[in-house]
Amino acid sequence: MTDATLMDALPDPDRHAELYEGVTARRGLAWLADIALIFVITMVIVPLTAFTALFFYPLLFIAVGFAYRWWTISRRSATWGMRLFGIEFLNRHGQRLDGTEALMHVAGYMLSMGTLLVQLLSIGLMLTTRRRQGLTDLVLGTVAINRAS
């Protein structure tokens, strides 16, 4: 199968525009909800380490964020923030992401977050591509869509 054939398994943005409507804004809101939840989780962890985690808090935040995102996306193809705002990921075959795909998606997200220009490019792509895909989505062939009711 060619990449074009594989991408045909994804909902067509012209025939199923409702699946992509408002997804970029919802992804942004979900991201904020996820960041807040990761902050709460890390704040619960800090006292459990006799406050030594404060010395490496940024690394703890990154590690908890990575684990949280991988765990939630690999289970239901969406973080809790994404579920709250009614969106989920599909892979290039139109299926929910499995554990490996979730791991690759989170790794791509973390890499893009490490460089401001790459993250800005990714946001720009979400605003301009037909399927509202960010850079990691384009590389992996994934999409975020409005979850079916």
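The structure displayed is predicted, hence computed values, not measured ones.

This part takes up the side chain of N91. Within the element layout of this structure, N91 appears in the loop between β1 (87–90) and α5 (99–113). What makes N91 buried here is its relative accessible area of 6%. Engagement of the side chain of N91 in a polar contact is seen with the side chain of E101, the distance being 3.0 Å.

Moving on to the nonpolar core. By size, the foremost hydrophobic cluster in this structure holds 11 residues: V23, A30, I73, A78, M82, I87, F89, L97, A102, V106 and A144. Listing elements by their share of this core, those giving two or more residues are α2 (23–48), β1 and α5. Among all residues touching A78, those that are not within four sequence positions of it are T72, I73, R83, I87 and E88. With 7 residues, the next largest nonpolar core counts I38, V46, A53 and V64 among its residues.

Our next topic: the layout of surface pockets. It is a probe the size of a water molecule, rolled over the atoms, that shows where empty space is left. A volume near 460 Å³ is recorded for the largest pocket. Around the largest pocket, the lining is made up of 24 residues, and of these R27, W31, Y109, Q119 and M126 lie nearest the centre. At the level of elements, α2, α3 (57–76), α5, α6 (116–128) and α7 (135–140) are the ones that each hand at least two residues to the lining of the largest pocket. Residue contributions to the lining of the largest pocket peak at 6 residues, all from α2. In this structure, the second largest pocket is lined by I35, P58, F61, I62, G65, R69, Y109, M110 and M113.

A few words on α6. Relative to the 18 Å expected for 13 residues at 1.5 Å per residue, α6 spans 18 Å between its end C-alpha atoms, a close match to the ideal helical length. Every buried residue of α6 is listed here: Q119, S122, L125 and M126. An end-on view of α6 places all buried positions within 120° of arc, on one side of the element. Away from the buried face of α6 by more than 90 degrees, exposed residues L116, L117, L127 and T128 are located.

Turning to the packing of aromatic side chains, a few remarks are in order. The tally for this structure, following the rule as stated, stands at 3 aromatic pairs. Each ring, one from Y57 and one from F61, has its centre 6.1 Å from the other, and the planes form 45°; the classification is tilted. One end of the pair is Y57 and the other is F61, both in helix α3 and 4 residues apart, which spans about a single turn. Looking at Y57, the relative accessible area reads 17%, which means it is buried. Measuring from ring centre to ring centre gives 5.8 Å for W71 and W80, while their planes differ by 90°; the resulting arrangement is edge-to-face.

Cut-offs used in this document
- Residues numbered from 1 in each chain as written.
- Predicted model: local features only at pLDDT ≥ 70, side-chain atom pairs only at ≥ 80, totals over all residues.
- Heavy atoms only, no water.
- Helix = DSSP H or I, 4+ residues; strand = E, 2+ residues; numbered from the N terminus.
- Buried < 20%, exposed > 50% of the residue type's maximum accessible area, 1.4 Å probe, protein only.
- Polar contact = N/O pair within 3.5 Å; in protein donor to acceptor, adjacent residues only side chain to side chain.
- Core = buried A, V, L, I, M, F, W, Y, C linked by side-chain atoms within 4.5 Å.
- Contact = heavy atoms within 4.5 Å.
- 1 Å grid on protein atoms, 1.4 Å probe; cavity = no way out; pocket = protein on both sides within 12 Å on 5 of 7 lines; lining within 4 Å.
- Points joined across faces, edges and corners; volume = space filled by probe spheres on them.
- Expected span 1.5 Å × (residues − 1).
- Arc of directions from axis to C-beta.
- Phe/Tyr/Trp six-rings, centres within 6.5 Å; stacked < 30°, edge-to-face > 60°.

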